[in-house]
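Structure assessment
Residue-level listing of the chains:
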Amino acid sequence: MISKLRGADGLFVFSMDESRGGAGVTHLLFANDSHIFCDASADQVLNILATLVCFQTVTGLKINLDKSMMFTVGDVPKPSYLAAIFGCKWI
């Protein structure tokens, strides 16, 4: 399910994943900012990176991973390793 809401700061888009027996937010997109939620695994990080590379190829827009940050919640093994795969900072 994808819903669109128009806010004062621009377009706000979110997606919900109901495949795990409950609703969970997978990403939030704002006018100039994106938040992507995933499991803490190298496979998930690589899948997101591949999706972003496809986005760059199709749109011609460049994603600046030097400005990107990775936040972790809970006990995540090797968060700096996951950030290194993605090419961003870990906060």
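Heads up: the structure comes first, above all this text.
Only a predicted model underlies this, so the values are computations on that prediction, with no experimental measurement involved.

Right, let's get into the packing of helix H1 (residues 42–59) against helix H2 (residues 79–86). Think of two packed helices as two axes; the pair is described by the angle between the axes and how far apart they sit. The N-to-C vectors of H1 and H2 enclose an angle of 20°; their axes lie 9 Å apart at closest approach. Judged by the angle between their axes, H1 and H2 are roughly parallel. As H1 packs across H2, the resulting crossing turns out to be right-handed. Residue-level inspection shows Ala-42, Val-45, Leu-46, Ile-48, Leu-49 and Leu-52 of H1 in contact with H2, the latter providing Tyr-81, Leu-82, Ile-85 and Phe-86. By residue class, the composition of the contact of H1 with H2 is 10 nonpolar, no polar and no charged.

Moving on, we come to the side chain of Ser-68. With respect to the helices, strands and loops of the structure, Ser-68 is situated in the loop between H1 and strand E5 (69–70). Taking the relative accessible area as the measure of exposure, Ser-68 reaches 17% and is therefore buried. Within polar-contact distance, the side chain of Ser-68 engages the backbone oxygen of Asn-64 at 3.2 Å. When sequence neighbours within four positions are dropped, the list of residues in contact with Ser-68 reads Cys-88 and Lys-89.

Here is what the cut-offs are and how they apply
- Residues numbered from 1 in each chain as written.
- Predicted model: local features only at pLDDT ≥ 70, side-chain atom pairs only at ≥ 80, totals over all residues.
- Heavy atoms only, no water.
- Axes fitted to C-alpha atoms, helices over the stretch in contact; angles between N-to-C directions.
- Helix = DSSP H or I, 4+ residues; strand = E, 2+ residues; numbered from the N terminus.
- Parallel < 35°, antiparallel > 145°, perpendicular 65-115°, else oblique.
- Left-handed = near helix turned anticlockwise from the far one by under 90°.
- Contact = heavy atoms within 4.5 Å.
- Nonpolar A, V, L, I, M, F, W, Y, C, P; charged D, E, K, R; others polar.
- Buried < 20%, exposed > 50% of the residue type's maximum accessible area, 1.4 Å probe, protein only.
- Polar contact = N/O pair within 3.5 Å; in protein donor to acceptor, adjacent residues only side chain to side chain.

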